[in-house]
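Residues per chain are reported as follows:
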Amino acid sequence: MDLKNVVKKLNRFAPTTLAEDWDNVGLLVEPTPPHKVNTLFLTNDLTEEVLEEAVTKNANMILAYHPPIFSALKRLTMRTEKERIIVKAIEKRIAIYSPHTSYDAVDGGVNDWLASGLGEAKVDPLHQTYSTCYPTPGGYKLEFLDCEQGLTHTLKSVPGVSDIMLSVNDNMVRMRASMNCTTSGLPRALEILNKNEDVKGTIQITQLMKPPIPHTGMGRLCTLKEPINLKQSLERVKKHLNLPHVQLAVGKEKSLDSPVKTIAVCAGSGSTVLRGSLADLYVTGEMSHHEVLAAVAQGTSVILCNHSNTERGYLQVIRNKFDEQFEGKVKVIVSEVDEDPLKVF
């Protein structure tokens, strides 16, 4: 399958517009076209060892959950691991794509997978993702009363003003004009309206909201159908992530027998996403020492599993999704070398 078609299918599953503004997602390395993808190689982290595995398995494209290019690269030499990875990928004509936080936010993404191991629950995003555009042209609704409709006709020619509508006002003397304005169109319209003293005092401006995207956003709040205790929560997390050990901080005045009804989850680093969330339990990969102390002080227990342990299992889920999506035209494999660098001894 041609690289462009593979990228289209990947973006259709999780648009890169869902990613956080600070992130670096999408196609990061593109070989000179045409580039055919026969084998798509999935990994959480693209290390030199993982890249060597991809080369050995004849991968034409790597999907690396964490972007191997994040901070700006000013040169491509053999000096650092990141530079060597990109150089070798280019030499071997291997494309690299990274979804990162777009997979965190998407419905059916990493955080939903992480939440699925906690038991039957109502699951909602902790931080809702909103559409990148307004439901109508422009981000503002401008309204005023116009007795002669002359101003309305004048505004029709103003760039950034659209969807002009007129309705009869309650007093039947003046018409209520309503229109949408862009950020640049609004001051132009106001400049015209403010010259008319009769209209000036009737102006109303409403800033429009971009609509939320259902079931999409950062983190998840799980409200369990049936409460369990903290010890049971711990065992469910370990089983779901296939981990023999995790770290646990017990909330203030809580114990292993304390009931757990609400669980806030965030794959990877949860400090920012989980901060201030009201839940009986936080489940994430890592948090700072002081963030854990703050959670415990508010009575919230915390389970830490190491960063990539809360993400890597999702690769098996998307492999199955992609097997269907690519209709057998692309072989999808998951790295056997990729692993969390931290071990418990």
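Rules behind the numbers
Residues numbered from 1 in each chain as written. Predicted model: local features only at pLDDT ≥ 70, side-chain atom pairs only at ≥ 80, totals over all residues. Heavy atoms only, no water. Buried < 20%, exposed > 50% of the residue type's maximum accessible area, 1.4 Å probe, protein only. Helix = DSSP H or I, 4+ residues; strand = E, 2+ residues; numbered from the N terminus. Pairing = 2+ DSSP bridges. 1 Å grid on protein atoms, 1.4 Å probe; cavity = no way out; pocket = protein on both sides within 12 Å on 5 of 7 lines; lining within 4 Å. Points joined across faces, edges and corners; volume = space filled by probe spheres on them. Nonpolar A, V, L, I, M, F, W, Y, C, P; charged D, E, K, R; others polar. Core = buried A, V, L, I, M, F, W, Y, C linked by side-chain atoms within 4.5 Å. Contact = heavy atoms within 4.5 Å. Axes fitted to C-alpha atoms, helices over the stretch in contact; angles between N-to-C directions.

> Sorry, what's going on with the pairing of strand β2 (residues 39–43) here?
Within a regular strand, side chains alternate between the sheet's two faces. Most of β2 sits out of view: five of its five residues are buried. Of the two faces of β2, the one carrying Thr39, Phe41 and Thr43 and the one carrying Leu40 and Leu42 are both buried. Pairing between β2 and strand β15 (residues 331–334): four bridges, direction parallel. Bridge pairing links Phe41 to Ile333 in β15. For β2 and strand β3 (residues 61–64), the ladder comprises four bridges, and the chain directions are parallel.

> Please explain empty space enclosed by the protein as it appears in this structure.
The probe, sized like a water molecule, is rolled over the atoms to show the empty space still left. Under the definition given, this model contains two cavities of 30 Å³ or more. Considering the residues around the largest cavity, the lining is formed by Asn44, Tyr65, Tyr103, Val110, Glu311, Tyr314, Leu315 and Ile318. Take the lining of the largest cavity: its biggest share by element is three residues, from helix α12 (residues 314–325). Looking at the lining of the largest cavity residue by residue, the class counts come to six nonpolar, one polar and one charged. The space that makes up the second largest cavity amounts to roughly 30 Å³. What lines the second largest cavity is Leu230, Lys254, Ser258, Pro259, Val260, Asp280 and Ser301. Along the lines of polarity and charge, the residues of the lining of the second largest cavity split into three nonpolar, two polar and two charged.

> What's the story with the nonpolar core in this structure? I'm lost.
Within soluble globular proteins, side chains that are nonpolar generally end up buried alongside one another. Counting residues in hydrophobic clusters, the biggest one holds 63 residues, and the most contacted among them are Met61, Tyr103 and Phe322. In terms of residue count, strand β12 (residues 259–269) provides more of this core than any other element does, six residues in total. Residues within four places of Tyr103 in sequence aside, it is in contact with Leu10, Phe13, Ala14, Leu63, Tyr65, Gly109, Val110, Tyr314, Ile318 and Phe322. Within the second largest apolar cluster, 17 residues are counted, among which are Leu28, Ala64, Ile85 and Ile333.

> Is there a simple way to think about the sheet that holds strand β7 (residues 161–168) in this case?
Across a sheet, paired strands are connected by hydrogen bonds in the backbone, their directions being either parallel or antiparallel. Spatially, the four strands line up as an open sheet ordered β7-β8-β6-β9, and their pairing is antiparallel. Taken across any chain shown, the strands that pair with only one partner, and hence form the sheet edges, are β7 and β9 (204–207). The mean angle between the axes of side-by-side strands here comes to 20°, regardless of whether they run parallel or antiparallel. Bridging between strand β6 (residues 140–146) and β9 involves four bridges; their strand directions are antiparallel. By the bridge assignment, Lys141 is partnered in β9 with Thr206. Contacts between helix α7 (residues 185–193) and the sheet are confined to β6, β7, β8 (175–181) and β9, with β6 contributing the most and set at about 15° to the helix.

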